[in-house]
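Each chain is listed here by its residues.
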Amino acid sequence: MNIRIGNGYDVHALAEGLPLWLGGVRVESPIGCIAHSDGDVAIHALCDALLGALALGDIGKHFPDTSDEFAGIDSKILLERVCSLVRAEGWEIGNADITIAMQRPKLAPYIIPMRECLASVMGIEVSDVSVKATTTEKLGFVGRGEGCEVYAVVLLNRQTNI
Ligand code: MG
């Protein structure tokens with residue numbers, strides 16, 4: 001097989017007064033994710049998609065939340081490490097598509113900065129990184145503003161030695 005697909009999913013609970021990091025970008029918000037790391041739920045889902053594509057387990061296996069090393073860590077560092085692992089295994093990242101479900105704040109102004117940031121960390125083109133945001137029409141835990149939920153899909157291509 002010369003291509004592999006992976007999907008990732010993550011949820012974090014939200015609380016008042018915490019910083020909100022999404023897709024590597026600090027979002028202006030009165031609420032942020034409760035987390036052991038910086039709580040970048042979008043990067044966590046993306047890491048799980050990358051690891052899932054190669055059946056390498058999940059982010060919790062590689063970066064345990066019981067470890068002090070990862071307390072408050074910038075999730076971009078985790079993403080960088082996962083991308084290095086993917087390349088070391090002989091794969092290139094084709095594209096990524098991320099959907100963030102959050103009731104508030106409005107994420108539209110942050111979509112392009114997130115795409116640019118993630119592309120730069122992953123070492124791929126901005127046109128190969130899609131970030132989409134949706135509310136859940138006030139339904140469920142996302143709609144009540146209790147949590148933020150992210151789905152990510154990635155495609156990997158086997159490295160070719162030309
Ligand atoms: Mg997480």
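Here's a quick rundown of the structure. Just so you know, these numbers come straight off a predicted model, no measurement behind them.

**A few points about the side chain of H12**
- Secondary-structure assignment places H12 in strand β1 (residues 3–16).
- A polar atom in the side chain of H12 sits 2.9 Å from the backbone oxygen of I34.
- Leaving out residues up to four positions away in the same chain, H12 has contacts with C33, I34, A35, G39, V41, H44, E146, G147 and C148.

**Quick notes on the coordination of the magnesium ion**
- Within the protein, the atoms that donate to the magnesium ion are D10 (OD), H12 (NE2) and H44 (ND1), at distances of 2.1 to 2.3 Å.
- In primary sequence terms, the donor set of the magnesium ion follows D-x1-H-x31-H. Of the two residues examined, D10 and H12, each falls in the buried class.

**Looking at the sheet that holds strand β5 (residues 91–101)**
- If you trace the 5 strands from one edge of the open sheet to the other, you get β4-β1-β7-β5-β6, paired in mixed fashion. At either end of the open sheet lies a strand with only one pairing partner, and these are β4 (31–33) and β6 (129–134). The mean inter-strand angle of the sheet, taken between neighbouring strand axes irrespective of direction, is 25 degrees.
- Taken together, the 6 bridges between β5 and β6 define a ladder with parallel strand orientation. In the strand pairing of β6, A96 is matched with V129.
- In this fold helix α1 (residues 41–53) packs onto β1, β4, β5 and β7 (147–158), with an angle of close to 155 degrees to the strand it touches most, β1.
- Its contacts with the sheet put helix α3 (residues 75–88) on β5 and β7, and the angle it makes with β5 is roughly 145 degrees.

**Some details on the packing of α3 against helix α4 (residues 111–122)**
- For the pair α3 and α4, the least separation of the axes is 9 Å and the interaxial angle reads 45 degrees. By the angle class used here, α3 and α4 are oblique. Here α3 contributes K76, L79, E80, C83 and R87 to the contact with α4, which in turn contributes C117, L118, V121 and M122.
- Looking at the contact of α3 with α4 residue by residue, the classes come out as 6 nonpolar, no polar and 3 charged.

**Details of the nonpolar core**
- Core analysis: the biggest nonpolar cluster contains 51 residues, and L22, L50, L79, I100 and M122 have the highest contact counts within it.
- Among the elements that line this core, the one with the most residues is α1, at 10 residues.
- What L79 contacts, discounting residues up to four positions off in sequence, is I43, L46, C47, L50, L118, V121 and M122.

**Some remarks on the pattern of salt bridges**
- According to the stated counting rule, one finds 5 salt bridges in the structure shown.
- The partner of R81 in a salt bridge is E69, with the nearest N and O atoms 3.5 Å apart. In this pair, R81 is assigned in helix α3 and E69 in the loop between α2 (59–62) and α3, connecting sequence segments 12 residues apart.
- Under the relative-accessibility criterion, R81 is labelled partly exposed at 37%.

Procedures and definitions
Residues numbered from 1 in each chain as written. Predicted model: local features only at pLDDT ≥ 70, side-chain atom pairs only at ≥ 80, totals over all residues. Heavy atoms only, no water. Helix = DSSP H or I, 4+ residues; strand = E, 2+ residues; numbered from the N terminus. Polar contact = N/O pair within 3.5 Å; in protein donor to acceptor, adjacent residues only side chain to side chain. Contact = heavy atoms within 4.5 Å. Donors = N, O, S within 2.8 Å, 3.2 Å for Na, K, Ca; no water. Buried < 20%, exposed > 50% of the residue type's maximum accessible area, 1.4 Å probe, protein only. Pairing = 2+ DSSP bridges. Axes fitted to C-alpha atoms, helices over the stretch in contact; angles between N-to-C directions. Parallel < 35°, antiparallel > 145°, perpendicular 65-115°, else oblique. Nonpolar A, V, L, I, M, F, W, Y, C, P; charged D, E, K, R; others polar. Core = buried A, V, L, I, M, F, W, Y, C linked by side-chain atoms within 4.5 Å. Salt bridge = Lys/Arg side-chain N within 4 Å of Asp/Glu carboxyl O.

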